[in-house]
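# Descriptive structure summary
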Amino acid sequence: MNWIPLTSEDQLQLIKERSFTTPQIIFKHSTRCSTSSMVLNRLERSEVPANTDFYYLDLLAYRPLSNQVAELFQVHHESPQALVIRNGECVYDESHMAITMDELAEQASA
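Here, residues in each chain are numbered from 1, in the same order as that chain's written sequence. In view of the model being predicted, local features appear only for residues whose pLDDT reaches at least 70, and side-chain atom pairs are presented and counted only at 80 or more, with totals across whole chains, interfaces and linings using the full set of residues. Where side-chain values are given, they derive from all heavy atoms of the structure, hydrogens and water being excluded.

### Observations concerning the nonpolar core
Of all hydrophobic cores here, the largest spans 15 residues; its most connected members are Leu6, Ile15, Ile26, Val69, Phe73, Leu83 and Ile85. For this core, the secondary structure elements donating two or more residues are α1 (9-18), β3 (53-58), α3 (63-72) and β4 (81-86). Looking at which element gives the most residues to this core, the answer is α3, with three residues. Membership of the second largest hydrophobic core comes to 14 residues, among which are Trp3, Ile25, Tyr92 and Leu104. Put simply, buried Ala, Val, Leu, Ile, Met, Phe, Trp, Tyr and Cys residues joined by side-chain atoms within 4.5 Å make one nonpolar core. Between buried and exposed lies partly exposed: a residue is buried under 20% and exposed over 50% of the maximum accessible area for its type, with that area taken using a 1.4 Å probe on protein chains only. Each helix is a run of DSSP H or I of at least 4 residues and each strand a run of E of at least 2, with the numbering of both proceeding from the N terminus.

### Quick notes on the packing of aromatic side chains
Centre distance within 6.5 Å is the pairing criterion for rings of Phe, Tyr and Trp, where only the six-membered ring of Trp is used; planes under 30 degrees apart are then read as stacked, over 60 as edge-to-face, and the remainder as tilted. All told, the structure shown has three aromatic pairs when counted by the stated rule. Both rings, one in Trp3 and one in Phe54, keep their centres 6.0 Å apart while their planes meet at 85°; by these two values the pair is edge-to-face. Pair noted here: Trp3 is in the segment before β1 (4-5) and Phe54 is in strand β3, with a separation of 51 residues, a long-range link. Looking at Phe54, the relative accessible area reads 3%, which means it is buried. Through a chain of ring-to-ring contacts, three or more aromatic side chains come together here, namely Trp3, Phe27, Phe54 and Tyr56.

Set out below in structure tokens:
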């Protein structure tokens, strides 16, 4: 898994723009949450779909950025949370143990 660290507001516009050609996935992770750690571990052990960018957002270090993600893509903040961005919009979001690589890959390719 080659995570792209999501650390700045400028990246949000880039994610939105790139989503028109390549599905973008944002994983919002709380380093203090055991559920979030289990989901992260499960994602990292999974086969990553081709032609998809995966962003990792550390919620504790970048909470204001997490709030901007929720506002920009019109989703309720959760932790952990995965968002699939295609054509400039969040087309799928899931949280907690319901996050799976199979579902992310399916939604990214829909």
